[in-house]
Protein chains: 2
Amino acid sequence: MSLSTLPATAFIHPLGHNREAVAALLQAATDRILAHLTQAAQQSPLPPVDALPAIALPELPADATTLLATIDQALTMAMNPAHPGYLGHMDPLPTTASILGDFVVAALNNNMLSVEMSPYFSRLEPLLMREIAHLFGLGDRAGGLLVSGGSLANLQALAVARNVKLRCAQTGLSPLEKPPVLFVSEAAHTSIQKAAMLLGLGTDGAIAIPTNRNSQMDVGALKAAIAQAQEAGQQPFALVATAGTTVTGNIDPLVELGAIAQQHNLWFHVDAAYGGALMFSEAHRDRLRGIEQADSVTFNPQKWLYVTKTCASVLFRDLGHLQRDFQVSAPYMNTEDDWVNLGEISVQGTRHADVLKLWLSLQHLGRQGYRDLIAASETLTQAFVTAIQARPFLELASQPEMNLVCFRGCPDWLPADQWDAWNADLQQYLLREANAFLSLPRYRGQNWLKVVLLNPYTTKEDVGRIFGAIDFFSRD
Amino acid sequence: MSLSTLPATAFIHPLGHNREAVAALLQAATDRILAHLTQAAQQSPLPPVDALPAIALPELPADATTLLATIDQALTMAMNPAHPGYLGHMDPLPTTASILGDFVVAALNNNMLSVEMSPYFSRLEPLLMREIAHLFGLGDRAGGLLVSGGSLANLQALAVARNVKLRCAQTGLSPLEKPPVLFVSEAAHTSIQKAAMLLGLGTDGAIAIPTNRNSQMDVGALKAAIAQAQEAGQQPFALVATAGTTVTGNIDPLVELGAIAQQHNLWFHVDAAYGGALMFSEAHRDRLRGIEQADSVTFNPQKWLYVTKTCASVLFRDLGHLQRDFQVSAPYMNTEDDWVNLGEISVQGTRHADVLKLWLSLQHLGRQGYRDLIAASETLTQAFVTAIQARPFLELASQPEMNLVCFRGCPDWLPADQWDAWNADLQQYLLREANAFLSLPRYRGQNWLKVVLLNPYTTKEDVGRIFGAIDFFSRD
C-alpha cells in the first residue's frame, strides 16, 4: 500500500523498519509515566482540573510532540491513587505486574471473543478462574469468567440466575405468569438495580431489604419480604448478598442467607466484588463463611488485589450453566476441542484480555504477599478506628469488617442540621491542607466521610497527620 | 506498613525509592514486546499453541524472571494480527498511539465510573464522542459513550430503545400487554440476539429478517414481518440495521430502513461497529447514507480505526435519553457541575479509560491518515476480488462493500458435498504453506473463506502469493 502520508511510527513495522523511532516514542512515554508515579506523593491525591481545550477531530497527522503533550495532560489531571493520602474509594494504586500485563496485552491486541483470536489468553483464563473458584470453595464443577467491571459481573450472574430459574432465555419474560423479583440489601451496590432494569424486571424488581445498624441485611425483614412478594403474586427467583458494601464494607449474614435461599429455591448470588480478597488470607477468610454455598459470586481483583482496571470476575458453582442456560452461538467463529469461545457465554463478545495482568500479579506477589497486604491494612484500619473512637465528636457508621471506615463528625456545638455542611467542609479541608482525599458518600440521608485503607504506602503516621488536621479543623 | 515480604517492585514507590528496579523491569518487558512486534512477519499469523502448564495459585512471591517467562509464553502463543498475512477477522494490528494510551491508562488506574475518579478522562470522553456523533450527522443533541466492546454497545442502545419506547425501566416487562419484539437481519451480529435475551425479550424476541443475495436485509420481508408481528399481538419497538455484516461486510439499505422505522414508530439502531469507519473518508461515507437518521449507532474504533481492544462506542441522536430513560444513580458518588458520572448512565460501572488511546490515535494519524488507510485497503480489496473473479472455481459470497471479501472454492471436479471439506483444507493449507490466515465462517449452511484487508503492511504481492498458493492447492 502507498501510505506515505502516515507518520512513520503510526504502526510498528512487522519487520522492524521503524524500530528505532518506535522505541524512542515508547521510551519517552515510559519516562513520563515513571516520572509521574515516582513523584506521586508530591502531587495532590486529587489534582485540580483545568478546563479542557476544545476538541476537534484533527485533519492532519500529528508528531510525537503532540502525543506526548496529550499524555502530559492526562498525567497532570488524573486522579492520583498512588498517593498515600488517596483514601477515598476502592480504587488502588496498581501492581507493577498489572501495568506490565496491560502493556503486553495492548501490543498483542488479541480478542477474548474466541479461542482462535486469543489462543493463549482464552486457555489461561478458564484455568486460572477455576483455581479461584476453588479458593472460594465452590466445588468441582465451579469456574468463572473475567468481565470488564463489577456491574457486568453482577449482570452476568443475575442473567444466568433468571434464565436458570425462569427458563426464559428463548421466550423472554412475557409468557411468565408472575412478575419475577429478586431480593438485595438496601446497602448493596446500585449495579444490582441496574441489572434488574436491564434484565426486564425493572428497578422495582430488585426489592430492597432494610439493614441493621451494621449495614447488614436484616434477616427477619428478608423473610417478611419473601412472604409479601409471594402473597402479592410475584415470583422470587434470586437472593443477592453483599460481602463488602460500597459505603461501609460490611458483610451480610452469608450462612443464614444461603439457607434461606435454599429453602425458597432462590439463586444465591454473593457480590463479593470488594470483600472476596479476604479469601486470600487464612486469618480473615472466615468472615466470608457461607460464601461456599453461593450459586455465583462476583469478585473483582481490580479492587483489593490491586490489579489495574478492569479486572472483575464472576464465579459459578456450576460453570456448565453458561453453556446450557446462556450461550448464544456465533457461526462465524471456529471452535476448538475442549475450549470454549468465551464470547459465546459472556455478556461481552470482543473483550480485552484481563487475565494476563491478574496472573502476573498473583505470580509476583504470591498468596503470601496478598495475605500480608490484608494484614497490614487491618492494622491500619484498627489505628483509624481507635482514633475515631477517641474523639467524641466523631461517630462510626458501622463496625468495620474490612479495611473501610465510614464515619462523620457530629459536632455538638453546632445544630444538627449543619453537620452535613461541616463534614463536607472537613472533606475539602483535608484535601487542601492535609493532602488526604476521603470521599463524601450519602448514607442514611446524611453526609459521611469514607476511607479505604488500601495503599501499602499509607502509614500510621499518615493516619496521625489526618487526625491532627481533623482536630485542628474541629477547633476552628 | 511492614511489608517486607513483598517483592521490591510489587508497586511503584510514590517517592521513587524503587525507581531503578521498576525501570529495569519495564525495559525488559518493552524489549520483549518490541522484539516480538518487529519480527511479527517472521512468525506465523496464528502460531501453534503448546499445552499450557498446570495453573496453581502461587504461595510465594516470584521474581522478575518468572514474570518475564510468563510474558514470553503469552507473546509466543498469541494470535499475531501484526503479520501481513493475518487476514482472518476484523482484528487489526494496533496503532502505536493506542499501545501508548493503554500503557499510560494502566499506570494511572483511573476509573470511568465517576468524574471524581477520572477527572480528565471523564471530561475528554463526552467531548470527543460528541465530535464523533457529529461526524455521523446525528445532530445537535447527539453524543456518545465508550463501552468495553461492541456487544455492550448494542446492549446499551437496545436497552435505551426498550426503555424509551416501552417505558419499562422501573416496572419491567411484566405489566406490558404485548410481548415486545425487534427486527434485525439474519446476517447481523449475534450480539443482537444476546441483547434480546438479556433484555428479557428472549432470543425469539429478535425477529430475523431474510437477506438478499448481497447479504442485505430484504425490505419486503421486513414489511411483511412487521405486519405479521402486529397481527400476532406482538409489540414491535426497534429496527436494527447493520452497516458491515460480520461475515461479508455488507450494508443494509439504511435510507429505506430509516423511513420504515419512522413510519412504524420503531427505534432505529444502526450497528456500524465495523463500517462506521467509512465516515472518516469523504470518498466512501456516502455508502452509509441514511445512518444520520439513526436514533443510535454502534461504532467500534477497535476495528477499522486500529485502536487496541477494547474501544467501542454507542452514539445517540439524543444523548439526554441516557439520563432520562436509563440512569441509575449512585449515592456514594460525588457529582460535579456540567459533567455526568458515566457509570450512572452506562451498562458498565467501573470501566477502563478507552478514550485516551482513541484520542491519541486520532491525533497521530489524523482524518487524513484514516482516509488513506481506507483508500489503500479499497485498492487491495479490488485486487483480491479481481483475483477471485479470474478463477472459475471460486465464487464470492456477496459483492464487497467494505474491505471484507468472503468467497469459497466450488471445484467442479469434486461432488458438491465435498466442497465444505475442500475449503476447510484450503484454509489450513494457506496457513501452513503461505503464512496466510483466512477464517472459515459458516454462512448459508456452507463453509466459506473470509479475508479482512485491514493490515497496512499487506501488499498486492501478498495477495498474488495467496492466489498462487490457492492455484497450487486446486491443482493438487
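It should be emphasised that the depicted structure is a prediction, and the values quoted were computed from it without experimental measurement.

So, how was this worked out
Residue positions within a chain follow its written sequence, with the count starting from 1. Chains carry letters and ligands carry numbers; both start at the beginning, A for chains and 1 for ligands, and go up in the order they are written. Side-chain atom pairs in this predicted model are given and counted only at pLDDT of 80 or more, local residue features only at pLDDT of at least 70, and totals for whole chains, interfaces and linings cover all residues. The basis for every side-chain value is the complete set of heavy atoms in the structure, and neither hydrogens nor water enter the calculation. Between rings of Phe, Tyr and Trp, where Trp is taken as its six-membered ring, a pair exists when centres lie within 6.5 Å; planes separated by under 30 degrees are stacked, by over 60 edge-to-face, and by other angles tilted. A run of DSSP states H or I qualifies as a helix once it reaches four residues; a run of E qualifies as a strand once it reaches two. Both are numbered from the N-terminal end. Accessibility here uses a 1.4 Å probe with only protein chains present; expressed as a share of the type maximum, an area under 20% marks a residue as buried, one over 50% as exposed, and anything in between as partly exposed. Contacts: residue pairs with any heavy atoms within 4.5 Å of one another. Summed over both partners, buried area is the accessible surface (1.4 Å probe) that two parts give up on being assembled. Any carboxyl oxygen of Asp or Glu that lies within 4 Å of a side-chain nitrogen of Lys or Arg is treated as forming a salt bridge with it. Two N or O atoms count as a polar contact when they lie within 3.5 Å, although within protein this holds only if one can serve as hydrogen donor and the other as acceptor, and sequence-adjacent residues are included solely when both atoms are side-chain atoms. To count as a disulfide, a pair of cysteine sulfur atoms needs to be within 2.5 Å. Overlaid copies result from least-squares superposition on C-alpha atoms, with residues included only where pLDDT is at least 70 in both. For the purposes of this section, nonpolar cores are sets of buried Ala, Val, Leu, Ile, Met, Phe, Trp, Tyr and Cys residues that join through side-chain atoms within 4.5 Å. Strands were regarded as paired on the criterion that DSSP finds at least two bridges between them. Each axis is a line fitted through C-alpha atoms, and for a helix only the stretch in contact is used; angles between axes span 0 to 180 degrees, taken between their N-to-C directions. An automatic or database domain assignment supplies the start and end points of every domain. In this count, Pro and Cys sit with the nonpolar residues alongside Ala, Val, Leu, Ile, Met, Phe, Trp and Tyr, while Asp, Glu, Lys and Arg are called charged and the others, Gly among them, polar.

### Details of the packing of aromatic side chains
All names here are of chain A. Taken as a whole, this structure holds 35 aromatic pairs over all chains when the rule is applied. Judged by centre distance (6.4 Å) and plane angle (85°), the rings of Phe393 and Trp422 are edge-to-face. One end of the pair, Phe393, is in the loop between helix H10 (355-389) and strand E8 (394-396); the other, Trp422, is in helix H11 (residues 419-434), and 29 residues separate them in sequence. Residues Phe393 and Trp422 agree in their burial class; the two are buried.

### Describing the interface of chain B and chain A
The partner chain A presents 169 residues to the 169 residues of chain B that form the contact. Both faces considered, chain B and chain A share a buried interface measuring about 15,200 Å² in area, 68% of it formed by carbon and sulfur atoms. The interface formed by chain B and chain A includes 2 salt bridges. One salt bridge in this structure joins Arg371 of chain A and Glu59 of chain B, with 2.8 Å as the shortest N-O distance. Across the contact surface, chain B and chain A share 63 residue pairs in polar contact (both at pLDDT 80 or more). Only helix H1 (19-37), helix H2 (64-77), helix H3 (96-108), helix H4 (121-135), helix H5 (150-166), helix H6 (191-198) and helix H10 (355-389) of chain B provide two or more residues apiece to the side of chain B that touches chain A. If you tally residues by element for the side of chain B that touches chain A, the top one is H10 of chain B, at 17 residues.

### Digging into the state of the cysteines
Within the structure shown, the criterion is met by 0 disulfides over all chains. This cysteine, Cys311 of chain A, is not joined by any disulfide, and Cys311 of chain B carries the nearest cysteine sulfur, 20 Å off. For Cys311 of chain B, a relative accessible area of 0% gives the class buried.

### Examining the relation of the copies chain B and chain A
Under the fitted operation, chain B is carried onto chain A by 0.0 Å of movement along the axis and a turn of 180°, and the coordinates agree to an RMSD of 0.0 Å. Accordingly, the operation relating the two chain copies is best matched by a two-fold axis. Interface overlap between copies is the fraction of interface residues in one copy that are interface residues in the other; for chain B against chain A it reaches 100%, indicating a shared surface.

### What about the nonpolar core?
Core analysis: the largest hydrophobic core is formed by 284 residues, its most contacted members being Phe183 of chain A together with Phe183 of chain B. Excluding anything up to four places from it in sequence, Phe183 of chain B contacts Ile207, Ile209, Leu222, Ala225, Ile226, Ala229, Pro236, Ala238, Leu239, Val240 and Leu266 of chain B.

### Quick word on the pattern of salt bridges
A side chain of one charge can pair with a side chain of the opposite charge if their charged atoms are brought near each other. This structure, assessed with the given rule, holds 38 salt bridges over all chains. The salt bridge involving Asp286 of chain A is made with Arg289 of chain A; its shortest N-O contact spans 3.7 Å. On the accessibility criterion, Asp286 of chain A (54% relative accessible area) is exposed. Each of Glu59 of chain A together with Glu282, Arg367 and Arg371 of chain B takes part in a single network of salt bridges with overlapping partners.

### Remarks on the sheet that holds strand E7 (residues 312-316) of chain A
The pairing of strands in a sheet comes from backbone hydrogen bonds and takes either a parallel or an antiparallel form. All names here are of chain A. With mixed pairing, the 7 strands of this open sheet are ordered in space as E1-E7-E6-E5-E4-E2-E3. Lying at the two open borders of the sheet, with one neighbouring strand each, are strand E1 (143-147) and strand E3 (206-209). In this sheet, neighbouring strand axes are inclined to one another by 20° on average, regardless of whether the strands run parallel or antiparallel. Sheet topology note: the strand E5 (residues 267-271)/strand E6 (residues 296-299) ladder contains 3 bridges and is parallel. In the strand pairing of E6, Asp271 is matched with Thr298. Where helix H5 (residues 150-166) meets the sheet, its contacts fall on E1, strand E2 (180-185), strand E4 (235-242), E5, E6 and E7, and the angle it forms with E5 comes to roughly 175°.

### Overview of the side chain of Ser185 of chain B
All names here are of chain B. Here Ser185 is to be found in strand E2 (residues 180-185). For Ser185, a relative accessible area of 3% translates into the label buried. Within the structure, the side chain of Ser185 is placed 2.8 Å from the backbone nitrogen of Ala187, a separation counted as a polar contact.

### Here's the deal with the sheet that holds E8 of chain A
Residue and element names in this part refer to chain A. On the basis of which strands lie adjacent, the open sheet formed by 3 strands has the order E8-E9-E12 and antiparallel pairing. Two strands lie at the open edges of the sheet, namely E8 and strand E12 (449-452), each paired on one side alone. Taking each pair of neighbouring strands and ignoring which way they run, the sheet shows an average axis angle of 30°. Across 4 bridges, strand E9 (residues 404-409) lies against E12 in antiparallel orientation. Bridge pairing links Cys406 to Lys450 in E12. Contacts between H10 and the sheet are confined to E8, E9 and E12, with E9 contributing the most and set at about 15° to the helix.

### Notes on unusual backbone geometry
Cis peptide bonds are those with omega within 30 degrees of zero, and the linkage from Lys309 of chain A to Thr310 of chain A qualifies with -10°. Looking at the secondary structure, you find Thr310 of chain A in the loop between E6 and E7. One non-glycine residue with positive phi stands out, namely Asn265 of chain B, at about 55°. Counting through the fold element by element, Asn265 of chain B comes out in the loop between helix H8 (254-263) and strand E5 (267-271). At Arg444 of chain B, a position not held by glycine, the phi torsion is positive, near 50°. Take Arg444 of chain B: it is sitting in the loop between strand E10 (442-443) and strand E11 (446-447).

### Structural notes on the domain arrangement of chain A
All names here are of chain A. Partitioning chain A into domains gives domain 1 (1-80), domain 2 (104-361) and domain 3 (366-475). Of the residues lining the interface, 33 residues belong to domain 2; the matching set on domain 3 comes to 24 residues. In this assembly, domain 2 packs against domain 3 so that about 2,500 Å² is buried in total across both faces, 54% of it on carbon and sulfur atoms. The largest share of the area that domain 2 buries against domain 3 comes from Val247, Trp304 and Tyr306, three residues that together contribute 25% of it. For the pair domain 2 and domain 3, the number of links is 4 salt bridges. We note a salt bridge from Arg444 to Glu186, for which the minimum N-O separation is 3.7 Å. Remark: the boundary between domain 2 and domain 3 carries 18 residue pairs in polar contact (both at pLDDT 80 or more). Class assignment of the residues belonging to the side of domain 2 that touches domain 3 gives a composition of 12 nonpolar, 15 polar and 6 charged.

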